[in-house]
Amino acid sequence: MSTYNRKDDLSKAFNDFWQKALNSKEDFYSKLTLQEFVMLKKAITNINNIVTMLATEGFIHTLRNDGVISSQQEAEMLQQLLATHANTNGFDVEYNKEVKIVAEVKCNIPVNEKSFGAAQESSIMDDVEHLFNSKKKSDLTQKAIKDYYKFMVFLEEKDVQPSAQKLIKKLTDKGFLVKEYAPQMTLQKDTVYFIYISTTRKQ
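This section reports on the structure supplied with the text. Note that the structure is a prediction, hence the values are computed from the model and not measured. (Residues numbered from 1 in each chain as written. Predicted model: local features only at pLDDT ≥ 70, side-chain atom pairs only at ≥ 80, totals over all residues. Heavy atoms only, no water.)

Looking at the side chain of Thr 56
Part 1: Mapped onto the elements of the fold, Thr 56 is located in helix α4 (residues 47-65).
Part 2: Leave out the neighbours within four places in its chain, and Thr 56 touches Leu 81, Val 93 and Val 105. (Helix = DSSP H or I, 4+ residues; strand = E, 2+ residues; numbered from the N terminus. Contact = heavy atoms within 4.5 Å.)

In structure tokens form, the structure reads like this:
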């Protein structure tokens with residue numbers, strides 16, 4: 001009967017990630033001291049902001065690839081994204097020239113199989129409502145936001161789409177106009193579109 005070993009379990013998970021990410025067979029776990037693990041812990045405290053930034057970039061590229069925005073607008077939106085502090089108030093995307101775009105980027109991974117947890121659902125539903133009515137921390141007024149195309153951005157990860165589809169039904173039952181985005185569809189400004197961004201694109 002095999003006995004569980006916490007160090008073996010944790011080191012394997014750690015090495016599995018880094019070996020794949022760096023295309024190496026080295027034992028990275030054994031190379032690091034406790035101090036270096038502490039440094040790594042500090043470095044990855046920004047991981048949520050990094051994921052959100054990369055997902056937002058992917059969203060902007062997708063809009064340009066699908067012909068929703070021009071290459072010039074793509075460049076301007078990317079420049080605006082990179083010039084905005086990660087913790088700035090407002091929406092993740094607020095672009096008010098040419099094709100007006102407002103978006104919230106949610107990088108949630110469902111805590112349940114094919115279903116967001118209660119707290120995740122509540123947060124996403126609040127964000128959808130804000131996309132319709134704006135929010136206090138945004139410069140967009142409730143009247144102004146009606147002129148924007150509205151998006152909820154998700155990661156294209158296992159269980160995310162079926163979880164989001166359940167939310168679409170709940171939101172639709174509450175009277176909100178929410179749909180899944182598809183390339184070449186005719187967009188309406190009175191609708192929030194759920195869009196899924198690939199996580200495999202090289203940076």
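Having seen the model, we can carry on.
A closer look at the environment of Ser 163
Part 1: Mapped onto the elements of the fold, Ser 163 is located in helix α7 (residues 160-173).
Part 2: C-alpha of Ser 163 to C-alpha of Val 111: the two residues are 52 residues apart in sequence and 10.0 Å apart in space.

Describing the pattern of salt bridges
Part 1: Counted under the stated rule, the structure contains eight salt bridges.
Part 2: In this structure, the salt-bridge partner of Glu 104 is Lys 135, at a minimum N-O distance of 2.8 Å. With Glu 104 in strand β2 (residues 101-106) and Lys 135 in the loop between α6 (118-133) and β3 (149-155), this pair connects stretches of sequence that are 31 residues apart.
Part 3: Of the residues examined, Glu 104 reaches a relative accessible area of 4% and is grouped as buried. (Salt bridge = Lys/Arg side-chain N within 4 Å of Asp/Glu carboxyl O. Buried < 20%, exposed > 50% of the residue type's maximum accessible area, 1.4 Å probe, protein only.)

Points about the sheet that holds β2
Part 1: Here we have five strands laid out as an open sheet, ordered β1-β2-β3-β5-β4, and mixed in their pairing. Only two strands of the sheet have a single partner each, and these edge strands are β1 (93-95) and β4 (178-180). Taking each pair of neighbouring strands and ignoring which way they run, the sheet shows an average axis angle of 25°.
Part 2: Of the strand pairs in this sheet, β4 and strand β5 (residues 192-197) are connected by three bridges, and their pairing is parallel. Bridge pairing links Val 178 to Val 192 in β5.
Part 3: Against the sheet, helix α5 (residues 71-82) contacts β1 and β2, and its axis sits at roughly 130° relative to β1. (Pairing = 2+ DSSP bridges. Axes fitted to C-alpha atoms, helices over the stretch in contact; angles between N-to-C directions.)

Comments concerning the pairing of β5
Part 1: Across the six residues that make up β5, a large majority, six, are buried.
Part 2: Burial of the side chains of β5 extends over both faces: Val 192, Phe 194 and Tyr 196 are buried on one face and Tyr 193, Ile 195 and Ile 197 on the other.
Part 3: Examined bridge by bridge, β3 and β5 share six bridges and lie parallel to one another. Within β5, the position partnered with Met 152 by the bridge is Phe 194.

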